[in-house]
Amino acid sequence: MTTKTTTPANASKQGSLSKPTPESGKPFSLPEYFKGVRAEWGKITWPSKMQVVSQTIVVLIMVAVMTLGLWLTDRVLYDGLVCHIIPDGQERCYQQKQ
C-alpha cells in the first residue's frame, strides 16, 4: 500500500514562508493605514448616552444581585457546615457570635 503525498508547487521555494504581501503589491504605509482607520471610524454607530446609562445601571444591579447571592450562599453553607456538622465547629460558631 503506497500513500501519495502532494506538495504545493511553490513549497520548495525559499520565500514561501515569508510574510504575505498585500493584494495591491504596495509596501506598508503608515499614513495610508491611518487614512483607512479614519474612514472606518466614521462608519461606527455609537450608542446614545441613554443606552450607556441604562446598560450601566443594569450591570451594577446584576453585580449587586450576584454579590448578595454569593454572600447568602456563603452564610448558609458556613452556618450549616461549621456550626452544625463539623465537630468542634459549634464552639467556633458560638465564639464568633458573642
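Residues numbered from 1 in each chain as written. Predicted model: local features only at pLDDT ≥ 70, side-chain atom pairs only at ≥ 80, totals over all residues. Heavy atoms only, no water.

**Considering the overall build of the protein**
What counts, and what does not: Counting from the N terminus, the helices are DSSP H or I runs at least four residues long and the strands are E runs at least two residues long. Residue burial is assigned from relative accessible area. The probe radius is 1.4 Å, only protein chains are included, and a residue is buried under 20% of its type maximum, exposed over 50%, and partly exposed in between. Note on areas: Shrake-Rupley, 1.4 Å probe, and residue coverage restricted to the protein chains presented here.
Secondary structure assignment for the protein yields three helices and zero strands. The linear arrangement of helices and strands in the protein, starting from the amino end, is α-α-α. Looking at the protein residue by residue over its 98 residues, the buried ones come to 4%. Surface exposure of the protein reaches about 9,800 Å², of which carbon and sulfur atoms provide 64%.

**Some words on the pattern of salt bridges**
Our working definition: Salt bridges are defined by distance alone: a side-chain nitrogen of Lys or Arg within 4 Å of a carboxyl oxygen of Asp or Glu.
With the rule as written, the count across this model stands at two salt bridges. With its nearest N and O atoms 3.8 Å apart, the salt bridge here joins Glu32 to Lys35. Here Lys35 and Glu32 lie together in helix H1 (residues 30-41), a separation of three residues that amounts to about one turn. By relative accessible area, Lys35 is classed as exposed at 55%. Of the charged contacts, one joins Glu40 and Lys43 as a salt bridge, the two residues approaching to 3.1 Å between their closest N and O atoms. Glu40 gets classed as partly exposed once you look at its relative accessible area, which sits at 46%.

**What to know about the confidence of the model for the protein**
Quick note on the threshold: A residue's pLDDT is simply how confident the predictor is in it, with values from 0 to 100. Any two residues whose heavy atoms approach within 4.5 Å are treated as being in contact.
Within the protein, residue pLDDT values average 77, and 61% of them lie at 70 or more. Ranking the elements of the protein by mean pLDDT puts helix H3 (residues 89-97) last with 62 and helix H2 (residues 49-81) first with 94. Taken together, the stretch residues 10-18 has pLDDT below 50 and engages in two contacts with residues farther than four places along the chain or on a different chain.

**Thoughts on the packing of aromatic side chains**
Heads up, the rule is: Aromatic rings from Phe, Tyr and Trp, with only the six-membered ring used for Trp, were paired whenever their centres fell within 6.5 Å, and each pair was classed as stacked if the ring planes differed by under 30 degrees, edge-to-face if by over 60, and tilted otherwise.
Applying the stated rule across the entire model yields three aromatic pairs. Relative to Tyr33, the ring of Phe28 has its centre 6.2 Å away and its plane inclined at 45°; by these criteria the two rings are tilted. Owing to a relative accessible area of 65%, Phe28 belongs among the exposed residues under this scheme. A ring pair is formed by Trp41 and Trp46, whose centres lie 5.6 Å apart and whose planes are at 55°; its orientation type is tilted. Residue classification places Trp46 among the exposed positions, given a relative accessible area of 54%. Cluster of aromatic residues (ring-pair linked, three or more members): Phe28, Tyr33 and Phe34.

**A look at the environment of Ser54**
Let me state the cut-off plainly: Pairs of N or O atoms are called polar contacts if they sit within 3.5 Å, as long as, within protein, a hydrogen donor faces a hydrogen acceptor (for residues adjacent in sequence, only side-chain-to-side-chain pairs).
Mapped onto the fold, Ser54 is located in helix H2. Residue Ser54 is classed as partly exposed on the basis of its relative accessible area of 35%. A polar contact of 3.0 Å, which involves the side chain of Ser54, links it to the backbone oxygen of Gln51.

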